[in-house]
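Here are the chains, one letter per residue:
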Amino acid sequence: MIEIIKEQPPFLLQLQMAGLKPKEDTIFPFSLKIYNPSGKPIPQDIMIHEAIHIRQQGKNPKEWWDRYILDKNFRLGQELLANREQYKFICKLTKDREKRNKALVAMAKNMSGEVYGKIISYQEAFEKIK
């Protein structure tokens, strides 16, 4: 069972020192915990995304985060997998092409932005998530 904690993650300073700029409503999975500092409800598609990260972390979430923070290529690979699964879930929920595209645009903007350290271009993120 995943526990949601309304706190900043213990590794927030490491993220910021590495040049990553989480938004105020960014959530952070760590083992079977999700740090949700804003306390805002977490949509189901985001929970799918975070569940992928929890699975990726396995029994070594600290090692995963250390590598995630320091290794841009690792971060990119982990985020592409999680975003693809999130997008697949959205596509199962709705057949509305406009809603699907809006979600895809938001994910590509997020991946290409400061949240993840500008690890990919918007266009490349859009194409690789889809």
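Residues numbered from 1 in each chain as written. Predicted model: local features only at pLDDT ≥ 70, side-chain atom pairs only at ≥ 80, totals over all residues. Heavy atoms only, no water.

(A) Region of the structure containing the pattern of salt bridges. Taken as a whole, this structure holds six salt bridges when the rule is applied. Put simply, Lys21 and Glu114 hold a salt bridge, and the shortest N to O gap is 3.7 Å. One end of the pair, Lys21, is in the loop between helix H1 (12-17) and strand E2 (28-30); the other, Glu114, is in the loop between helix H5 (97-112) and helix H6 (122-129), and 93 residues separate them in sequence. Under the relative-accessibility criterion, Lys21 is labelled partly exposed at 47%. Overall, the relative accessible area of 40% leaves Glu114 in the partly exposed class. (Salt bridge = Lys/Arg side-chain N within 4 Å of Asp/Glu carboxyl O. Helix = DSSP H or I, 4+ residues; strand = E, 2+ residues; numbered from the N terminus. Buried < 20%, exposed > 50% of the residue type's maximum accessible area, 1.4 Å probe, protein only.)

(B) Region of the structure containing the sheet that holds strand E3 (residues 33-35). Read from one edge to the other, the open sheet built from three strands follows the order E1-E3-E2, with strand pairing classed as mixed. Only two strands of the sheet have a single partner each, and these edge strands are strand E1 (3-5) and E2. Within the sheet, the average angular offset between the axes of one strand and its neighbour, ignoring direction, is 25 degrees. In this sheet, E3 lies alongside E2 in antiparallel orientation, the contact comprising three bridges. Its bridge partner lying in E3, Phe30 is registered against Lys33. (Pairing = 2+ DSSP bridges. Axes fitted to C-alpha atoms, helices over the stretch in contact; angles between N-to-C directions.)

(C) Layout of helix H4 (residues 72-93). With 22 residues, H4 extends 31 Å from end C-alpha to end C-alpha; this agrees with the ideal 32 Å at 1.5 Å per step. Here H4 starts with a cap whose side-chain oxygen sits 3.1 Å from the backbone nitrogen of Asn73, and that cap is Asp71. (Expected span 1.5 Å × (residues − 1). Polar contact = N/O pair within 3.5 Å; in protein donor to acceptor, adjacent residues only side chain to side chain.)

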